[in-house]
Structures are given as structure tokens and as C-alpha cells.
Amino acid sequence: MAVTVDTGRLGLATLRRLPEASRPLVRPGTVPAGIVHLGLGAFHRAHQAVHTEAAIGAAGGDWGIIGVAPRSTDVVEALAAQDALFSVTTLTADGASTRVIGALAGVRHAASDPDAVVRLLADPAIRVVTLTVTEKAYQLDPVTGALAADPELTADLTTDRPPRTVPGLLARGLLARAAADAGPIALVSCDNLPANGRRLRSLVDQCLTLARVPDATLDRVAAQLTCPGTMVDRIVPASTDETRDTARLALGVTDLAAVAAEPWSQWVIEDDFPGGRPAWERAGAVLTDDAGPWERLKLRALNGVHSATAYLGALAGAETVVDALALPHLDAVLRRLVAEEIAPSFTPPPGVSVPDYGEQVLARFGNPAIRYRTAQVASDGSQKLPQRVLHTAADLRAAGRSARWSALVVAAWLRFLLGHTDDGRPLPLDDPLADRLRAALADGRHTPAGVVDAIFAVREVIPADLAADDEFRAAVTGWLTALERHGVRATLAGAR
Ligand code: CS2
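For every chain, the first residue of the written sequence is number 1, and numbering continues from 1 along that sequence. Two thresholds apply to this predicted model, a pLDDT of at least 70 for residue-level local features and 80 or more for giving and counting side-chain atom pairs, whereas whole-chain, interface and lining totals are computed over all residues. Each side-chain value is derived from all of the structure's non-hydrogen atoms; neither hydrogens nor water enter the calculation.

K.L.:
I'm lost on the environment of Arg371 in this one. Help?
P.N.:
As for its placement among the helices and strands, Arg371 is situated in the loop between α13 (354-365) and α14 (374-378). On the accessibility criterion, Arg371 (45% relative accessible area) is partly exposed. Sequence spacing of Arg371 and Asp113 is 258 residues, and the spatial spacing of their C-alpha atoms is 35 Å. The criterion used for residue contact is that any of the two residues' heavy atoms lie within 4.5 Å. Non-local contacts of Arg371, meaning those with residues more than four positions away in its chain, are made with Pro237, Glu319 and Thr320. Only DSSP runs of H or I with at least four residues qualify as helices, and only runs of E with at least two residues qualify as strands; both kinds are numbered from the N terminus onward. Accessibility here uses a 1.4 Å probe with only protein chains present; expressed as a share of the type maximum, an area under 20% marks a residue as buried, one over 50% as exposed, and anything in between as partly exposed.

K.L.:
Before we go on, may I ask you to explain the pattern of salt bridges in this structure?
P.N.:
Close approach of charged atoms allows side chains of opposite charge to pair. Salt bridges are counted wherever a side-chain nitrogen of Lys or Arg sits within 4 Å of a carboxyl oxygen of Asp or Glu. Across all of its chains, the model carries 27 salt bridges by this definition. Asp395 is paired through a salt bridge with Arg300; the nearest N and O atoms lie 2.9 Å apart. Of this pair, Asp395 sits in helix α15 (residues 381-398) while Arg300 is found in helix α10 (residues 292-315), placing the two residues 95 residues apart along the sequence. Residue Asp395 is classed as partly exposed on the basis of its relative accessible area of 35%. Owing to a relative accessible area of 5%, Arg300 belongs among the buried residues under this scheme.

K.L.:
Explain the site of the ligand here, please?
P.N.:
Any residue with a non-hydrogen atom lying within 4 Å of a molecule or strand is treated as near it. Surrounding the ligand, one finds 13 residues, the nearest of these being Asp233, Lys298, His306, Tyr372 and Lys384. In protein, a polar contact means a hydrogen-donor-capable atom and an acceptor-capable atom, both N or O and within 3.5 Å, with residues adjacent in sequence counting only if both atoms are side-chain atoms; elsewhere, any N or O pair within 3.5 Å suffices. Within the contact set of the ligand, an oxygen atom lies 2.8 Å away from a side-chain nitrogen or oxygen of Lys384. Bound to the protein, the ligand loses 92% of the 340 Å² it would expose on its own. Elements supplying a minimum of two residues to the shell around the ligand: α10, α14 and α15. With four residues, the single largest contributor to the shell around the ligand is α10. Residue type decides the class: Asp, Glu, Lys and Arg count as charged, Ala, Val, Leu, Ile, Met, Phe, Trp, Tyr, Cys and Pro as nonpolar, and the leftover types, Gly among them, as polar. Across the shell around the ligand, the residue classes break down as four nonpolar, four polar and five charged. Areas reported as accessible are Shrake-Rupley estimates using a 1.4 Å probe. Residue values count occlusion only from the protein chains shown.

K.L.:
Just checking my understanding: could you explain helix α7 (residues 196-210) for this structure?
P.N.:
Three- or four-residue spacings in an α-helix give side chains the same orientation, since the helix completes a turn every 3.6 residues. Between its first and last C-alpha, α7 extends 21 Å over 15 residues, near the 21 Å set by a 1.5 Å rise per residue. Here α7 has its buried residues at Asn196, Gly197, Leu200, Leu203, Val204, Cys207 and Leu208. Here the buried residues of α7 occupy an arc of 130° about the axis, which is enough to place them on one side. α7 presents Arg198 and Thr209 as exposed residues on the side facing more than 90 degrees away from its buried surface. Arg212 occupies a position one or two residues after α7 and carries a positive phi of about 50°. What a helix should span is 1.5 Å times the count of its residues minus one. To be clear, the arc concerns the directions from the helix axis to the C-beta atoms.

K.L.:
Can you help me understand empty space enclosed by the protein in this one?
P.N.:
Think of a 1 Å grid over the protein atoms and nothing else: a 1.4 Å probe that fits but is trapped marks a cavity, an open set flanked by protein within 12 Å on at least five of seven lines marks a pocket, and residues with an atom within 4 Å of a point count as lining. Grid points are joined across faces, edges and corners, and a volume is the space filled by probe spheres set on the points. In the structure shown here, the tally under the stated rule is four cavities of 30 Å³ or more. Here the largest cavity is characterised by a volume of approximately 100 Å³. Elements with a minimum of two residues in the lining of the largest cavity: α6 (166-180) and α8 (215-223). Sorting elements by how many residues they give to the lining of the largest cavity places α6 first, with three residues. Here the second largest cavity defines a volume of roughly 50 Å³. Around the second largest cavity, the lining residues are Ile235, Glu262, His306, Val321, Val322, Arg364, Phe365, Ile370 and Tyr372. Taken together, the elements giving at least two residues each to the lining of the second largest cavity come down to α11 (321-325) and α13. Taken together, the residues of the lining of the second largest cavity sort by class into six nonpolar, one polar and two charged.

K.L.:
Explanation requested: the environment of Ser353 in the structure shown.
P.N.:
The residue Ser353 is located in the loop between α12 (330-342) and α13 in this model. The exposure class of Ser353 is partly exposed, given its relative accessible area of 29%. For the pair formed by Ser353 and Ala238, sequence separation is 115 residues and the distance between their alpha carbons is 30 Å. Within polar-contact distance, the side chain of Ser353 engages the backbone nitrogen of Asp356 at 3.1 Å.

K.L.:
What is the right way to read the domain arrangement of the protein from this model?
P.N.:
By a widespread convention, an interface's size corresponds to the accessible area lost as its parts come together. Here the bounds of each domain stem from an automatic or database domain assignment. What the domain assignment lists for the protein is domain 1 (12-288) and domain 2 (292-493). One C-alpha centre belongs to domain 1, the other to domain 2; they are set 29 Å apart. Counting residues at the interface gives 29 residues for domain 1, matched by 27 residues for domain 2. Linking Glu135 and Arg388 is a salt bridge whose minimum nitrogen-to-oxygen distance equals 3.9 Å. Summed over the shared surface of domain 1 and domain 2, the number is nine residue pairs in polar contact (both at pLDDT 80 or more). At the level of elements, β3 (86-92), β9 (230-233) and β11 (266-270) are the ones that each hand at least two residues to the side of domain 1 that touches domain 2. Take the side of domain 1 that touches domain 2: its biggest share by element is four residues, from β9. Among the residues making up the side of domain 1 that touches domain 2, the classes are represented as 17 nonpolar, five polar and seven charged.

K.L.:
Honestly, the side chain of Thr374 in this entry has me stumped. Any pointers?
P.N.:
Within the secondary structure layout, Thr374 lies in helix α14. Since its relative accessible area comes to 4%, Thr374 is described here as buried. Residues contacting Thr374, with those up to four places away along its chain left out, are Ala310, Ala314, Ala318, Glu319, Thr320, Val321 and Ala324.

K.L.:
Mind showing me how you'd approach helix α18 (residues 448-456) here?
P.N.:
Most of α18 sits out of view: seven of its nine residues are buried. Buried within α18 are the following residues: Pro448, Gly450, Val451, Val452, Ala454, Ile455 and Phe456. Buried residues along α18 sit in contact with α16 (404-417), α17 (434-444), α19 (464-467) and α20 (470-494).

Here it is, written out as C-alpha cells:
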């Protein structure tokens, strides 16, 4: 859609021109900061920022968010030029609605001024730090749980240079905070990882140990720190020119930080905030003692099904998740995956039926207004597959059950790693373990069994019990053989 009129830029000065229904729920620039958020991507803007704005709107509190982009400059520049305002467009089959969010109290770029971020973390006004930094930023060995060797992180923790990694920033910030006696703080992971709170705590603890700080300092940091776990859920595709055009049409001004998302938004948070928190329960969030069952539900029955759709869809040439769902028989296979394998693999939150949740998920994936690219879901598979698919399979196998639909998803990932769609077009591999995976495939690529052997030897990805499970290997090999010989469409048509 081409929009030619120069409409001016979103900002405090143009707020009055916005349609009433698109104005923020709080007066932008008037809410002092209480939260620092690391990772200014589309997901944060459409999820935590929206819930936090609604909480401040409903119950007040000094909970403005300072948004920190670790690396990317684009979003920081766009927001800085807009007085930290941006819009969220909610997309349904029937239309769109756009609202400007006023929760950001400022933005920073960590890569160009890491010391400013460290100082911010040591500011007594800041009592909550939230993070959306993606799975790969946690830098813990998935098998041993030990901090992965990384020269950049080691330098962040053992020299005086300004920190360059996210864990380095956090550790240095917490030390500065303890030195300044700035009071308690909660670090809140909003990434799609199992036990994300405990994982973040372990990451921070191991960083502090590596930094060789005295025990008394460690105790001071620990006494003031909590890491509540969370489950976060909203489908937020990467923004495009179309997103920005839609925002401009709705607002009458240009918003270069616009995001678009589905209507659904869910946030389950463990209520452990020693320095206080926004009244997120007034903004639809569920506060609980244990987010674990919600996390497993979401990772297995939403993200696992998303990944299944993305790998099978990408191989069949589908550009988006909606296109993929139009593949004949895919929805039936996904329903069997949910009912026969995901549902019996774990205990869901009280009152939740996993098959019903799965139906809701399929309806959400089918939202025709959301163009979520299969390539986006398919990226970083080595970081996503364990909690999304492999833990389901491992739990089933440990209980002596079949995991053949999960095996199909693993086979689709392996075929995706081989790099070509069913009709021979290249599929790029965007994964932090890409070199390892390619090297493994170079040894094993000649037969399906060789590919399975090669990738099942990558122990950071495949849990040991599954790697040693001949029946599971045979199931994956069988599916991979079918996918290679007949392609996705015929494999789905013949799937029993
Ligand atoms: C998706 C998620 O890109 C992906 O891997 O599966 O980002 C998904 O859209 C969100 O987790 C939904 O809450």
C-alpha cells in the first residue's frame, strides 16, 4: 500500500493529532522509570510494554521502562526521534486497531554506551529488570548447566573494559548496585526457555563467581536479588514496510518503530519482586507461585507446534505459517501431535485441557492478517528444539510411550538443515550452532541414517537418553527417508 503524503513523525508534539482511540493510556514523559528492559525487539514492544502501560494506567506507580537495545541501533534511533513513543497494531481477520504506547521512559544503546547501562542498573529507582534477549543469549550448556566458555564474556567479567555481552552487563550492573547499596531488584527473563527464572539466576551466579568477587559481595548481591520465572505469549512477527504503512494510515503520522501483533496476549509471572512491581494483574497478567506448568504448556503446545509447522512448511515452500497450515493433512498431523504426544507428556496447569489449548493455538496460527515467516520460526533450531520438541519426546519415551509425531518434527528439522526445499530451492541456516551442525552433516549427509547419527551426536541439542534410544532413532530415520524420497506433501498424506 503506497502512502505518499508527508504526515510528520510520531512524538510528543504530534500526540494531539492522533485519533482519540489511538492515544496512550498514560501521559508519556510523566511516568518516572522503575524498570530497565534489555532487548528492544518487536516482542517486548507488543507484550511487556503494553501490559506495563495498562498496569500503570490502571493503578499508577513509577514503573516507566527504560528500553535498552544491546546491539541494534535502528530501533534506538527510531524511538529516540519519537520521544520513545511507538504504536502497536492489533491484527484480526476483520481489521486492525492501532494504539500508541506511552510506557517507555527512555531508550539506550548498550553497545555504544555500556557504562551508562551499568549505572542505570545501579540506580535505586530501578527495581525491576526484564529481558527479551532470545534463547542464545543465556550462554549455559544445556546438558551440564555450566557457563559456556566465551572469551568476550570472560573479558567482561575479569577486566575493566566496558561489558559487551548481556550477562556481562547484568553482572557488572549488579555489582555496581551492591556497591551503591541501591536496594533490592528482580531480574525477569521473558524468553521462551524452560525455568527461565532459574536459568537466569544460575547465569548471573556463575558470572559473579567467574568475576572472582569476594564472598561478602556475593552475599550482598544475592540478598537483594530475585529471578522470578515467567511465561510470555503473543505472536509478533518482525515489522515490515507494511506494518509501518498500516500504522501511518491509522495514526496520521509516521512511526518507524511500529509493531503489529495478534490480539491474544498472555503473561504468567512468579510473584517475587522484593522492590515492588507494577500492578500487572490489573493488566491481564496471571501472578503465581510457579510458572512451570504454564511454561511447559506454552513451549510444547504452542512453540513446539509452531516449529513443526515452520519446518514442514518451509520444506514444502510455504513462506508463512498461514500458508503452511493450508498444506493438506498438516492440521490433522498437528492435532495428533498435540493429543497423542504433547498432552500426555506433562501435567498442565489446573483446569487447562491441552487439546483445547492446541485448538486455540491452531486458530491463532491461522489468523490471516499475521504474516509470520516460517524462516523466522525455523531460525535458531538448535536453541529451540530441546524445550519445544525433544523434551516432549524424552518424557514420552521415559514413560515407555511412542513419540513418532515428535520424531517427524525432528526429521523435518534435519531435512531443513540439509538446506533445500522439496523443489530444490535453498533454505538458509540461521543458527548459532550452524558451523557445528554443518560440520556434523558433512560426515553424515549421504544417507538418512547417517544424518541422524551425525546430528544425534551433537550433545548440546539431543538429550542423551533420546540419542541412545534406538526406537526413536529408527522413527526419525523412517520419517527422514520418507521426506527425502517423497517430499512433505506425500509424507503427510501417507502419515498414520
Ligand atoms: C515463535 C515464537 O519465532 C518463533 O520461534 O515460535 O516467537 C512465538 O511466536 C512466540 O513465542 C509466541 O508467544
